[in-house]
Every structure is written in C-alpha cells, then in structure tokens.
Amino acid sequence: MPHILLKQHNDIDIKNSSNFSFIAKGKYDQKICANFENKEFLLTKVEKNGNDLIKLDNATRLTPVSLMKTALNEYEKESKSELLFTNTNSSYNKMKPEETYIKTIDYFANDFTTDKEIWVEVGFGSGVHLLHQAMQNPDKLIIGLEIHYPSIEQVLKQLKIQNITNVLIVNYDARLFLEFLDSNAVGRVFVHFPVPWDKKPHRRVMSIGFIEECMRVLKVTGTLELRTDSPNYFEYSSSLLEHFKAYPHKILKNKDLDVTSKYEARWKRQEKDIWDITISAIEESEQVEFLTDFSFSDIYDIEKIKNNLPKKAIVSKEYLINFEDWYDVKTKDGNSALLVKVTFGSFNRPVTKYLYIENGNSRYFQGEPITTRVNLEAHQNILELLK
Ligand SMILES: C[S@@+](CC[C@H](N)C(=O)[O-])C[C@H]1O[C@@H](n2cnc3c(N)ncnc32)[C@H](O)[C@@H]1O
C-alpha cells in the first residue's frame, strides 16, 4: 500500500493548492481531498511515533494506483516537510486484469447493453463449463459470476489465450447480480455445484428470491439449471419448488453433460450421485423501473448531525446503515462542511462511502453509490436520519 512518512507538519495551504481541495479533521486522523485528472479521492494523515504518516483512504481508492502515488508525492512537496520514508516510486507490478473481459458492477449498472441472448453462469470456479459453453455458442453472451478472485484470474488468462470474445466476467455475489439485467433477456442460468453451506443455509445461492429473479430475467422457455452432488442441497432446492408450482421443472439423476468440470470429475471418480433440477420460465415479465434518486435536497444543520448521528448500526430487514465516523471540513473558501463515513446497503455487499455535507451542496463523495433497490432504500433512510 503506497504511503509516505513525513516529519510532523502543519496543514498544507489548501486555499492556494490546485491539487487538494479540503482538509477534514476527525478524532483520530485527517482526510485530505486530492483532485487529479478529474478524479477525487482521500488521503489519510495520521500521527505515527511523533511523525505524520500519509496513506490512501481505503474506501476511496481508485485506479490507476500511479495517480494516487502522484498525489502522495505532490502532498509531500506541498507539506514542505522532511520526507522520512516513501514507497511511492517503485513500480506497481500487480497483474492488471484483462479489461476486455472483466467488468465492474458499475458497468452493469450504467453502461451494459447487448443485442445477444445472455447466458449466466453462477460460481464458475475453474471455468471449464463456462469456456466450453462460450466456444460452443458464439452467438450468446455468457456472463460469468464468481467471488473467488484466483479463479477469475485463471479464467481471464484462458479467455485471452483461446481468444474467446463472447464472455464477460464479474467479481460479484450472484445473489445480488440479477437485478442489473433486463427482464426476458436471458436464455439459461447455470448454477453448477454451488457451495452447500450446510451450516449457514442463509448463504446459499438458491433461495425463493433468487429463483424469482431468475424467472424475471429468463425469457419464456429459458431455464434455471441447478446441478449438485450434495443430497442436502438437492433436498433443500427441491423444497423451494413448492413455491413455483406453476413453473415446469425436471429432476434428473446422474445425467452426463457434454463437459465435466474438475469439481464434477472428482465426485464422479468417487461414484457419488449428481442431481439436476431444471426450472423453465413460462411468461413474459415486466421491466422493473425504479427512481434512481440519490440526491440530498435538504439544507442540513451540521452541528445537529454531529451530535445526533446514531452510534449503533441500523439494521432493517433488507439493509444496514452504519455511520462510522465524521470529520470537520475546512474548504478553500473558509466555509465549514462535514464529511461522514457511512457503510450501508445489503448485508452481503455493503458499500462504504463518504457523505460530503455542505449547506445546499451535499452529495456522495466520489459519486453516487451503485443503483440497487436496497441502496436506494437505505439512502431514503439516511436522508431521514440526517434530518
Ligand atoms: C464448488 S465450486 C463449483 C465451481 C464450478 N461451478 C464447477 O462446477 O466446477 C463453487 C463456486 O461458487 C463460487 N461462489 C460461491 N458463492 C457464490 C456467490 N454468492 N456468487 C458467485 N459465486 C459464488 C465459489 O467461489 C466457487 O468457485
């Protein structure tokens, strides 16, 4: 993690700086807002053994890392302090993911469109099935969802080597992803050998909500295809079918597929049973529209907010909100503002953002959160709490 260590020093001259726009002071550390190449992010200044450590603020880190290193180097110059240590000049060697194939969730929230029928693979692991389907079906766009980054890196390399162009990879929880897809756009959803989570069933991918979302995104006759070697998972998934009586389904035992994943091969060698459950969509679903309003229209009383922000996390049925910290901001023109660090959204994928609160000019620092239904609901609650 890039950082610099400087001799203890006074605040930099924000008023005359073209690189830094405000300093925000908290109980334990300071945040300095950096502006480089039209991007904004925060540096953290914290006392360390009588000196000042300047590092990146985790919640606002962005790429390229070189930009953030530049900010640290510029900060050093503007501090006019003695540099005691830096690691900001060494080159950053981490492999850059192949950007053609891997997409951020922001891309799916804001820019994704396709003319092709979509197939989705949940938890593709070694990617054997994903690569096979992509090669056999060049007219389909295959979206692969995986939360294990080493598996993603391995598959990205294969996609490049085999010059496969009809796959998009997303590092995101499958239980939360489908809401980014249009209704009736998907031909097949594969859930092959999901983690059974026998001790934590609430973490399972298959649930009533997930099947409902599959039926929405699937086109008529499109299929959700579960394959599992776990008797428990099979029993559990069969019980979910009770809620989907109107939807045709097929259950098969020990069916051979055209391709065998590494994971499946292991169970086959041990002669374990494998079950398939296939559920078909039967009707056109309506498009889901929600208002994407993350604005702050009220004028806020900063002192009141500081005194009244809830100290404990607020937990509703679908989301949480946790105000973690706040900082007094000194702006260039001498106005006061407040920077509030808040973690909110779904339990499985909460986001951490800063709220920049200045009279009549409040906003999410670094832009709005990803547009999801729970984020929007949490935002409405945040507005109430700020009042
Ligand atoms: C047992 S492996 C099976 C991999 C592959 N489908 C196969 O058949 O070989 C399960 C995979 O699902 C991934 N996974 C688990 N929960 C997930 C979730 N909520 N969203 C996306 N992927 C998930 C895991 O990281 C793991 O790679």
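Procedures and definitions
Residues numbered from 1 in each chain as written. Predicted model: local features only at pLDDT ≥ 70, side-chain atom pairs only at ≥ 80, totals over all residues. Heavy atoms only, no water. Helix = DSSP H or I, 4+ residues; strand = E, 2+ residues; numbered from the N terminus. Buried < 20%, exposed > 50% of the residue type's maximum accessible area, 1.4 Å probe, protein only. Contact = heavy atoms within 4.5 Å. Areas by Shrake-Rupley, 256 points an atom, 1.4 Å probe, with all protein chains shown as cover. Pairing = 2+ DSSP bridges. Phe/Tyr/Trp six-rings, centres within 6.5 Å; stacked < 30°, edge-to-face > 60°. Near = heavy atom within 4 Å. Polar contact = N/O pair within 3.5 Å; in protein donor to acceptor, adjacent residues only side chain to side chain. Nonpolar A, V, L, I, M, F, W, Y, C, P; charged D, E, K, R; others polar. Domains from an automatic or database assignment. Core = buried A, V, L, I, M, F, W, Y, C linked by side-chain atoms within 4.5 Å. Expected span 1.5 Å × (residues − 1). pLDDT = per-residue confidence, 0-100. Salt bridge = Lys/Arg side-chain N within 4 Å of Asp/Glu carboxyl O.

A word on the overall build of the protein
Along the backbone of the protein there are ten helices and 19 strands. Each principal axis of the C-alpha atoms in the protein carries an extent, and together these give about 70 × 45 × 40 Å. The burial tally for the protein puts 48% of its 387 residues in the buried class. Long-range pairs, those at least 24 residues apart, make up 68% of the contacts in the protein with a sequence separation of at least 6. For the protein, the accessible surface area stands at approximately 20000 Å², while carbon and sulfur atoms represent 47% of it.

Quick look at the sheet that holds strand E8 (residues 117-122)
Strand order in this open sheet of eight strands is E7-E10-E9-E8-E11-E12-E14-E13, and the pairing throughout is mixed. Because the sheet does not close on itself, it has two edges, and the strands there are strand E7 (102-103) and strand E13 (249-253). Here E8 runs beside strand E9 (residues 140-145); their pairing, made up of six bridges, is parallel. Residue pairing in the sheet places Val120 in a bridge with Ile143 of E9.

Quick notes on the packing of aromatic side chains
The tally for this structure, following the rule as stated, stands at 20 aromatic pairs. For the pair Phe296 and Tyr364, a centre-to-centre distance of 5.1 Å together with 55° between the ring planes defines the contact as tilted. One end of the pair, Phe296, is in the loop between strand E14 (275-280) and helix H9 (302-308); the other, Tyr364, is in strand E19 (residues 363-364), with 68 residues separating them in the sequence. Assigned by exposure class, Phe296 and Tyr364 land together as buried. Of the aromatic side chains, those joined through ring pairs into one cluster are Tyr107, Phe108, Phe112, Tyr172, Phe177 and Phe180.

Focus on the site of the ligand
In the vicinity of the ligand lie 17 residues, with Gly123, Glu146, Asp173, Ala174 and His192 positioned nearest. In the environment of the ligand, an oxygen atom lies 3.0 Å from a nitrogen or oxygen atom belonging to the side chain of Ser261. Class assignment for the residues of the shell around the ligand results in nine nonpolar, five polar and three charged.

Comments concerning the pairing of strand E4 (residues 39-48)
Strand direction decides the pairing type here: strand E3 (residues 30-36) and E4, joined by seven bridges, are antiparallel. Following the sheet pairing, Cys33 is matched in E4 by Leu42. The hairpin formed by E3 and E4 contains two residues between the paired strands, and Glu37 there has a positive phi angle of roughly 50°. Judged from the six bridges that link them, E4 and strand E5 (residues 51-56) form a sheet pairing that is antiparallel. Bridge pairing in E5 places Lys48 opposite Asn51.

Some remarks on the domain arrangement of the protein
Domain parsing of the protein yields domain 1 (3-86), domain 2 (102-280) and domain 3 (302-386). A C-alpha centroid distance of 43 Å is found between domain 1 and domain 2.

Focus: the nonpolar core
Within the largest apolar cluster, 42 residues are counted, with the highest numbers of intra-cluster contacts made by Ile143, Phe177, Leu181, Val189, Phe210 and Leu224. When neighbours within four sequence positions are excluded, Phe210 is seen to be in contact with Val122, Ala174, Arg175, Leu178, Val189, Val191, Val205 and Leu224.

Comments concerning unusual backbone geometry
Both trends apply: most residues other than glycine have a negative phi, and most peptide bonds are in trans. Not every positive phi belongs to a glycine, and Asn163 is a case in point at roughly 50°. Mapping Asn163 onto the fold places it in the loop between helix H4 (149-161) and strand E10 (167-170). For Asn163, a relative accessible area of 58% translates into the label exposed. Positioned with a positive phi, Phe193 is a non-glycine residue whose angle comes to about 55°. Secondary-structure assignment places Phe193 in the loop between strand E11 (186-192) and helix H6 (208-217). You can call Phe193 buried: its relative accessible area is 11%.

Quick notes on helix H1 (residues 65-79)
Taking 1.5 Å per residue as the helical rise, H1 with its 15 residues ought to reach 21 Å, and the 21 Å between its terminal C-alpha atoms agrees with that figure. Within the span of H1, buried status applies to Val65, Leu67, Met68, Lys69, Ala71, Leu72, Tyr75 and Ser79. In this structure, the buried residues of H1 make contact with strand E1 (3-7), strand E2 (20-25), E3, E4 and E5. Two residues or fewer past H1, Lys80 is found with a positive phi of approximately 55°.

Brief notes about the environment of Pro310
Here Pro310 lies in the loop between H9 and strand E15 (314-315). Among the residues examined, Pro310 registers a relative accessible area of 22% and is labelled partly exposed. In sequence terms Pro310 and Phe323 are 13 residues apart; their C-alpha atoms lie 6.9 Å from each other. Excluding anything up to four places from it in sequence, Pro310 contacts Phe323 and Leu385.

A few points about the confidence of the model for the protein
On average, residues of the protein score 92 in pLDDT, and 97% of them are at 70 or above. Every residue in residues 91-95 is under pLDDT 50, and counting partners more than four places away or in other chains gives five contacts.

Looking at the pattern of salt bridges
Counted according to the given criterion, the structure contains 27 salt bridges. The closest approach of N and O atoms between Asp276 and Arg227, which form a salt bridge, is 2.6 Å. Taken as a pair, Asp276 in strand E14 and Arg227 in strand E12 (residues 218-228) lie far apart in primary sequence, 49 residues in all. There is no split in this pair, since Asp276 and Arg227 are both buried. Notably, a salt bridge pairs Glu264 with Lys268, separated by 3.1 Å at the nearest N-O pair. Of this pair, Glu264 and Lys268 both sit in helix H8 (residues 262-269), four residues apart, roughly one helical turn. Each of Arg227, Asp256, Glu264, Lys268 and Asp276 takes part in salt bridges that share partners, so that together they form one network.

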